[in-house]
Amino acid sequence: DKLNQLEDQLRGLGSVSSLSPLESLRELSETIGPGIDIEVDTLNVGYSKIAFRGSLPDFPSVGQLSSALEKNTARFCKPKVDSAGRDPGSNRVKYSAEIELCE
């Protein structure tokens, strides 16, 4: 849903330069894949980085997310994923991620 909303917003900009963030989001989605149960609460996309926060089922999933992002060295430079403890009222683990986009 959030990816579709962002895609619509980028199309509305009417600029060829809007393709770069969209391509980055698609690569991010493909890199994470369906194997990681990830929830994204906030997402910020720029021309040089992507930052997002949300929750994962457990602490090992934070490591899986970090490893998945580190494998895409062609597009993602210096991915940083941090856990932030348990989500209040849930067993899920909060995380924050920031990725510099390689040029």
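Calculation notes
Throughout, a residue's number is its position along its own chain's written sequence, starting from 1. Note on the predicted model: pLDDT of at least 70 is required for a residue's local features to be given, and 80 or more for side-chain atom pairs to be given and counted; whole-chain, interface and lining totals, by contrast, use all residues. Just so you know, side-chain values use all the structure's heavy atoms and leave hydrogens and water out. We count a salt bridge whenever a side-chain nitrogen from Lys or Arg sits within 4 Å of a carboxyl oxygen from Asp or Glu. For the purposes of this entry, the term helix denotes a DSSP run of H or I that reaches at least four residues, the term strand denotes a run of E that reaches at least two, and both are numbered from the N terminus. Buried means the residue's accessible area, taken with a 1.4 Å probe over protein chains only, is under 20% of the maximum for its type, while exposed means over 50%, and partly exposed covers the values in between. Only strands joined by at least two bridges in the DSSP assignment are considered to pair. Here a helix's expected span is defined as the number of its residues, less one, multiplied by 1.5 Å. Comment: arc refers to directions from the helix axis out to C-beta atoms. Only the contacting stretch of a helix is used when fitting its axis, a line to C-alpha atoms as for every element, and angles between N-to-C directions run 0 to 180 degrees. We call two residues contacting when some pair of their heavy atoms lies within 4.5 Å.

Once their charged atoms are close, side chains differing in charge can pair, the charge on each being opposite to the other. Considering all chains together, one arrives at 4 salt bridges under this definition. For D37, the salt bridge identified is with R92, shortest N-O distance 3.1 Å. A residue pair is termed long-range when its members are at least 10 positions apart, and D37 in the loop between α2 (19-32) and β1 (39-45) and R92 in the loop between β3 (76-86) and β4 (93-101) qualify at 55 residues. Ionic pairing is found between R92 and E39, a salt bridge with its closest N-O pair at 3.7 Å. Here R92 is found in the loop between β3 and β4, whereas its partner E39 is found in strand β1, with 53 residues between them in sequence.

Turning our eyes to something else, we now look at the pairing of β4. Covered by surrounding structure in β4 are V93, Y95, A97, I99 and L101 only, the residues K94, S96, E98 and E100 on the alternate face being uncovered. Relative to β4, strand β2 (residues 49-56) runs antiparallel, the two sharing 8 bridges. Bridge pairing in β4 places S55 opposite K94. Sheet analysis places β3 next to β4, joined by 7 bridges and oriented antiparallel. Within β4, the residue paired with C77 across the bridge is E100.

It is worth spelling out the environment of R26 at this point. Examined against the element boundaries, R26 turns out to sit in helix α2. Here R26 falls in the partly exposed class, since its relative accessible area comes to 40%. Spatially, the C-alpha atoms of R26 and L3 are 8.3 Å apart, while their sequence positions differ by 23 residues.

A few words now on helix α3 (residues 59-71). Given 3.6 residues per turn, any residue in an α-helix points the same way as the ones three and four places further on. Relative to the 18 Å expected for 13 residues at 1.5 Å per residue, α3 spans 19 Å between its end C-alpha atoms, a close match to the ideal helical length. Buried residues of α3: S61, V62, L65, S66, A68 and L69, and no others. The arc enclosing the buried residues of α3, seen along the axis, measures out at 160°, which places them on a common side. Exposed residues pointing more than 90 degrees away from the buried face of α3 are listed as P60 and K71.

Attention now moves to the sheet that holds β4. Taken in spatial order, the 4 strands of this open sheet run β1-β2-β4-β3, and their pairing is antiparallel. Each of the sheet's edge strands pairs with one partner strand only, and the pair in question is β1 and β3. Averaged over neighbouring strand pairs, the angle between their axes works out to 15° when direction is ignored. Pairing geometry for β1 and β2, over 6 bridges, is antiparallel. By the bridge assignment for β2, L43 is matched with F52. Here α3 sits on the sheet in contact with β2, β3 and β4, set at roughly 170° to β3.

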